[in-house]
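# Descriptive analysis of the structure
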Amino acid sequence: MKLTSALDIIDYCHKSSVSLDALALAYETKKTEKTPEYIESYLKSVLKVMENAVASGINDVDNHIHGKIIGNDSIQLKKRYESQKTVCGETIAKAAAYALGTMEVNASMGKVVASPTAGSCGVLPAVLVTAKERFDLTEAQLIKGLLAANMVGSIVARNATISGAEGGCQAEVGTASAMASAAVVHMMGGSVEQVFNASAMCFKNLLGLVCDPIAGLVESPCAKRNAIGAANALLCAEMSLAEIKSIIPFDEVVDAMYRVGKSMPSSLRETALGGLATTKTGIQIATDLFSK
Amino acid sequence: MKDYNIFDIIGPIMIGPSSSHTAGACRIGYAAQKIIKSPIVEVRFVLYGSFSKTYKGHGTDVALLGGILGFKPDDERLVDAFKIAENRTLKYEFISSDDDSEHPNTVLIHAKTNLLETWEITGISIGGGKMIIKSINGIDVHFTGEFNTLVTHHKDSSGMLAKISTILSQNRINIAFMKLYREEKGQKAIGIIEADERIPKNVVDELTQIDGMISVNVIQKIYE
């Protein structure tokens, strides 16, 4: 069994009449030489850490959970969607708050799951918890979602990159968004084609996104980009479940993302030497932080 | 081909904020104390490249020290590493170096143990929480912590390797990777043997009995 592309995976699922999550579990069991029970119990602990991070972020009334730059945004958004009619609907508002909250937990040295990286750790929990609440999903269904997400993430890591230093934010938040969208489509009973269509659209919407962290820290603009990554995942899942297809197939989109990443100057790849990091305000924040 | 599994893609579970600057740094410290084995009483970290510039904002200092204290990247005690080190009367110091380094996230760890041995260990954090120990006491090595690993200190002499591998094969331990380093011919050598199976104490005892063996340390797998 060699699965090196979305095409391989789609073929395999059809030929063997196996679901995407079952294939992912079998594949990981073989690769890691762990039992399926071990992997499932690992994913249960992943879910717990994700749910705890979301809860800590949005319930941080005293604003203990903040980084050097960010904090308090998730709770502010929560206050708004709980008390007023939202602009973008409660689902998107919640997902954004959960993503911001998880990133605030990360910035405050709290416990998170790098999925696929710490800089993009807010997207997957935000989308999973939002979907769980909206559709009353069980732990078993969420684990199936994580397995589907893993398939997408491992293809990107294998054929392109998931590192901001190599491919910019499109490689980090882009991959997280594609993974989260895959999870939702799979949990909603979408086909394996629909899973990869959703993931392909996620990348296309974030293609070219640079990595320009202020002061070099995993905080700003990272947290809000996690919020857009979560909203993007939900939107692309919605489109794909409506049978809207990605014009460019997933594998080609991933290749394009990689080529775009490689042609980005290094100043826009996690070095804090370009983009927002070198704006007047960005430089001022960095100067104030490091002169302390 | 890059090989990733589910523990890399949906993981690691870690204390934030950065997999390379926090989790990877912690694993370097963790691996170092496993290699050193005797209790450390003094440690100095020299930080290079991006580690040197952003270590405070990323908690690289806390993570390195926490690793030295024996905490893994998901251990919530990491945040309190400074206080815990002080309680354990472990002296620590961080130095930013402007010198060039081969890799942007490099740290050189100088440690002194309760037996007054001194150690110098260089590690690099390569992203996603992964790390490589590049040198131990001036000897170039390549240790990733992804396998159960034997670190042997022995006299450089003929047949040493055969004796080690015989004992391992008799105990059904399969060698995944093996590297030998020596300072000089006939002098002290270091063997790093990465194995698929756990390496039990009786095997370590048996290896310690080999003529010319100075010490045998086991570092069980640090991460999946």
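Computed from a predicted structure; not experimentally measured.

Further remarks concern the overall build of chain B. Counting its secondary structure elements, chain B contains seven helices and eleven strands. What you see for chain B is a C-alpha radius of gyration of 17 Å, in line with the 17 Å of a compact globule of 224 residues. Of all 224 residues assigned to chain B, the portion counted as buried reaches 46%. A fraction of 71% describes how many contacts in chain B between residues 6 or more apart in sequence connect residues 24 or more apart.

All names here are of chain A. If you trace the backbone, V156 turns up in helix α7 (residues 139-159). Taking the number of C-beta atoms within 10 Å as the measure of exposure, V156 has 27 and is therefore buried. Distance from V156 to G110, taken between C-alpha atoms, is 27 Å for residues 46 residues apart in sequence.

Residues and elements named next belong to chain B. Relative to strand β7 (residues 139-143), strand β6 (residues 130-136) runs antiparallel, the two sharing three bridges. Across the sheet, residue I133 finds its bridge partner in β7, namely F143. In textbook terms, the turn of a hairpin is the stretch between consecutive antiparallel strands, and for β6 and β7 this stretch comprises two residues, one of which, N137, has a positive phi near 50°.

Taken together, the contact pairs 36 residues of chain A with 29 residues of chain B. Listed by contribution, the elements that provide at least two residues to the side of chain A that touches chain B are α2 (20-32), α3 (36-58), α5 (90-107), β1 (111-113) and α7 of chain A. Broken down by element, the side of chain A that touches chain B gets its largest block of residues, seven residues, from α7 of chain A. Residue classes in the side of chain A that touches chain B are distributed as 19 nonpolar, twelve polar and five charged. Summarising the sheet, β1 of chain A and strand β1 (residues 13-15) of chain B pair through three bridges and their orientation is antiparallel. Along β1 of chain B, the bridge assignment pairs V112 of chain A with M14 of chain B.

Moving on, we come to the nonpolar core. Side chains of a nonpolar character, in soluble globular proteins, are inclined to be buried together. Judged by nonpolar contacts, the single largest core of 166 residues is most densely connected at V127, A180, A183 and A230 of chain A. Among the elements that take part in this core, helix α9 (residues 169-187) of chain A stands out by supplying twelve residues, more than any other. Among the domains, domain 1 (6-143) and domain 2 (148-219) of chain B are the pair contributing at least three residues each to this core. Setting aside chain neighbours within four positions, we find A230 of chain A in contact with A95, A96, A99, G122, V123, A126, V127 and A180 of chain A.

Residue and element names in this part refer to chain B. Examined bridge by bridge, strand β4 (residues 105-113) and strand β5 (residues 118-127) share seven bridges and lie antiparallel to one another. From the neighbouring strand, L108 faces β5, where its bridge partner is T122. Two strands pair when backbone bridges link them, and β5 and β6 are joined in this way by six bridges, in the antiparallel orientation. Opposite I124, over in β6, you have I132 as the bridge partner.

UniProt's feature table lists "domain: Serine dehydratase-like alpha subunit" (unreviewed entry) at residues 18-277 of chain A, given in the numbering used throughout. With 66% helix and 1% strand, residues 18-277 of chain A has its two end C-alpha atoms placed 47 Å apart.

With that out of the way, let us pick up the domain arrangement of chain B. Residues and elements named next belong to chain B. When the domains of chain B are assigned, the result is domain 1 (6-143) and domain 2 (148-219). Taking the mean C-alpha position of each, domain 1 and domain 2 sit 25 Å from one another. Tallying the contact residues gives ten residues for domain 1 and nine residues for domain 2. With five residues, the single largest contributor to the side of domain 1 that touches domain 2 is β7. Looking at the side of domain 1 that touches domain 2 residue by residue, the class counts come to six nonpolar, one polar and three charged.

All names here are of chain B. Pairing is mixed across the open sheet formed by six strands, whose spatial order is β3-β2-β4-β5-β6-β7. A strand with exactly one partner marks an edge of an open sheet, and here the two such strands are β3 (91-96) and β7. Across this sheet, the average inter-strand angle for adjacent strands is 20°, counted without regard to direction. Two elements, strand β2 (residues 40-48) and β3, share six bridges in a ladder whose sense is parallel.

For the rest of this paragraph, the subject is the environment of T35 of chain A. Residues and elements named next belong to chain A. As for its placement among the helices and strands, T35 is situated in the loop between α2 and α3. In this structure T35 comes out as exposed when scored by C-beta crowding, with 10 C-beta atoms within 10 Å. Placed 110 residues apart in sequence, T35 and G145 show a C-alpha to C-alpha distance of 19 Å.

Residue and element names in this part refer to chain A. For the pair α3 and α7, the least separation of the axes is 10 Å and the interaxial angle reads 100°. Considering the angle they form, α3 stands roughly perpendicular to α7. Between α3 and α7, the contacting residues are E40, L43, K44, V46 and L47 on the first element and E139, L142, I143 and L146 on the second. Classifying every residue of the contact of α3 with α7 by side-chain character gives six nonpolar, no polar and three charged.

On average, chain B scores 91 in pLDDT, and the residues at 70 or more come to 98%. Our summary of model confidence lists the complex with pTM equal to 0.91 and ipTM equal to 0.96.

Calculation rules
- Residues numbered from 1 in each chain as written.
- Chains lettered and ligands numbered in written order.
- Predicted model: local features only at pLDDT ≥ 70, side-chain atom pairs only at ≥ 80, totals over all residues.
- Helix = DSSP H or I, 4+ residues; strand = E, 2+ residues; numbered from the N terminus.
- Rg over C-alpha atoms; globule rule 2.2 N^0.38 Å.
- Buried ≥ 20, exposed ≤ 12 C-beta atoms within 10 Å, placed from the backbone.
- Contact = placed C-beta atoms within 7 Å.
- Pairing = 2+ DSSP bridges.
- Nonpolar A, V, L, I, M, F, W, Y, C, P; charged D, E, K, R; others polar.
- Core = buried A, V, L, I, M, F, W, Y, C linked by C-beta atoms within 7 Å.
- Domains from an automatic or database assignment.
- UniProt positions renumbered as here; feature names shortened; annotations may be inferred.
- Axes fitted to C-alpha atoms, helices over the stretch in contact; angles between N-to-C directions.
- Parallel < 35°, antiparallel > 145°, perpendicular 65-115°, else oblique.
- pLDDT = per-residue confidence, 0-100.

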